[in-house]
Amino acid sequence: MKWVIVGSGGFIAPRHFKAISEIGDEVILTCDIDETKQADFRNYEVMMQSEKWKEVGGVAICAPNNWHYQMCEAMKDKIVICEKPLTLSSKELPEKAFSVLQLRYHPEVIRLKKELKGKHKVKLVVKVKRDQSYWESWKGYEKLSGGILFNLGIHYYDLLIYLFGDDYKICKHSQSDNKAKGRIKFENADVNYYLEIMSDTNGQDRYLEIDGEKISLSKQDNLSFLNLHQYVYEDVIRGKGIKPEEAVKSIRLVEKLK
């Protein structure tokens, strides 16, 4: 299949280039609003009018979060794989698109999904480094990114729903620009969570602690280093993938927290 990557000059785009190559497909078009990135097009609507667009079978959307919904809708005649969050509002849910929530493909998560039984005490800790360029980019503006809950937390709220179900009660929550903490009680899990965006790598970690057992998800400052995107693509090519009706569950949870 031939693909286009929108937001081809951004941080996460190389993972999509690599995944598309690994599954034996090809990127034939790129689009990025930043002219220094030297993409084929700067405007995705203009790109869609090009002759080469007719050859495209799949689209990878790596654009700022506030563009996700309208891009997914505009390109829904193709296979669309969209970075998280699929949308910033559950009221604007794309009709057809697959969400990149790659923690579901993490080996430890796959193991836990099979093994977890009964009720559990859970702690979720996510502490990652972001430098000043993060805050100066679109990710630092809540209107564009959705803030810490959407830009960082969505992976982990999706993970909790995936492991413990969509029946929950929010017991407490507080947040600032770079921190969020609280407690959510699921049917079979009492979860305390802590998210933090730090200015250095001291104490950086991502882990679940279930009934006293610490399960590391990554010590890197970005999940992309785990190379889980390939599994996302393989799942979509098999006709599976995380569809809007599944991705929206964590979006609704974030909306309740906000």
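Worth saying up front: this structure is predicted, and the values here are computed from it rather than measured.

Thresholds applied
- Residues numbered from 1 in each chain as written.
- Predicted model: local features only at pLDDT ≥ 70, side-chain atom pairs only at ≥ 80, totals over all residues.
- Heavy atoms only, no water.
- Pairing = 2+ DSSP bridges.
- Helix = DSSP H or I, 4+ residues; strand = E, 2+ residues; numbered from the N terminus.
- Buried < 20%, exposed > 50% of the residue type's maximum accessible area, 1.4 Å probe, protein only.
- Phe/Tyr/Trp six-rings, centres within 6.5 Å; stacked < 30°, edge-to-face > 60°.
- Lys NZ or Arg CZ within 6 Å of the ring centre and 35° of its normal.
- Axes fitted to C-alpha atoms, helices over the stretch in contact; angles between N-to-C directions.
- Contact = heavy atoms within 4.5 Å.
- Arc of directions from axis to C-beta.

1. As for the pairing of strand S7 (residues 168-175)
Right, on to step 1. When S7 meets strand S8 (residues 179-186), the two strands line up antiparallel, connected through 7 bridges. When the bridges of S8 are listed, Gln175 appears paired with Ala180.
Right, on to step 2. Between S7 and S8, which pair antiparallel and follow one another directly, the connecting turn spans 3 residues.

2. Topic: unusual backbone geometry
Right, on to step 1. Between Lys84 and Pro85 the backbone carries a cis peptide bond, its omega angle lying at -15 degrees.
Right, on to step 2. Counting through the fold element by element, Pro85 comes out in the loop between strand S4 (79-83) and strand S5 (98-100).
Right, on to step 3. The backbone phi angle of Gln38 is positive, close to 55 degrees, even though this residue is not glycine.
Right, on to step 4. You can see Gln38 is positioned in the loop between strand S2 (26-31) and helix H2 (44-47).
Right, on to step 5. The class of Gln38 is exposed, set by a relative accessible area of 71%.
Right, on to step 6. A positive phi is found at Asp211, a non-glycine position, where the angle reads about 50 degrees.

3. Thoughts on the packing of aromatic side chains
For any pair of aromatic rings, the description rests on two quantities: the centre-to-centre distance and the angle between the ring planes.
Right, on to step 1. Enumeration according to the criterion identifies 6 aromatic pairs in this entry.
Right, on to step 2. Aromatic side chains Tyr44 and Trp67 sit 6.3 Å apart centroid to centroid with 80 degrees between the ring planes, which places their arrangement in the edge-to-face category. Note that Tyr44 is positioned in helix H2 and Trp67 in the loop between strand S3 (58-61) and helix H3 (68-74), a separation of 23 residues in sequence.
Right, on to step 3. With relative accessibility at 8%, the residue Tyr44 sits in the buried group.
Right, on to step 4. Look at Tyr134 and Trp135: their rings are 5.0 Å apart centre to centre, the planes differ by 85 degrees, and that puts the pair in the edge-to-face class.
Right, on to step 5. Judged by relative accessible area, which is 8%, Tyr134 ranks as buried.
Right, on to step 6. The cationic tip of Lys113 hangs over the ring face of Tyr162; the distance from NZ or CZ to the ring centre is 4.4 Å.
Right, on to step 7. Of note, Lys214 hangs over the ring of Tyr207, and the distance from its end group to the ring centre comes to 4.3 Å.

4. Description of the sheet that holds strand S10 (residues 205-210)
Right, on to step 1. Spatially, S7-S8-S9-S6-S10-S11 is the arrangement adopted by the 6 strands of the open sheet, whose pairing is mixed. Looking along the sheet, the strands with just one partner apiece sit at the ends: S7 and strand S11 (213-218). The sheet shows a mean angle of 15 degrees between the axes of neighbouring strands, direction not considered.
Right, on to step 2. With 6 bridges connecting them, strand S6 (residues 120-129) and S10 associate as antiparallel partners. Within S10, the position partnered with Lys123 by the bridge is Glu209.
Right, on to step 3. Relative to strand S9 (residues 189-198), helix H7 (residues 147-164) is tilted by about 155 degrees, and along the sheet it contacts S6, S7, S8, S9, S10 and S11.

5. What to know about helix H8 (residues 229-237)
Right, on to step 1. Among all positions in H8, only His229, Val232, Tyr233, Asp235 and Val236 are buried. Down the axis of H8, the smallest arc covering the buried residues is 160 degrees, so these residues share one side.
Right, on to step 2. Check the buried side of H8 and you find it contacts strand S1 (2-6), helix H1 (13-22), S3, S4 and S5.
Right, on to step 3. Directly after H8, the chain includes Gly239, whose backbone phi takes a positive value near 90 degrees.

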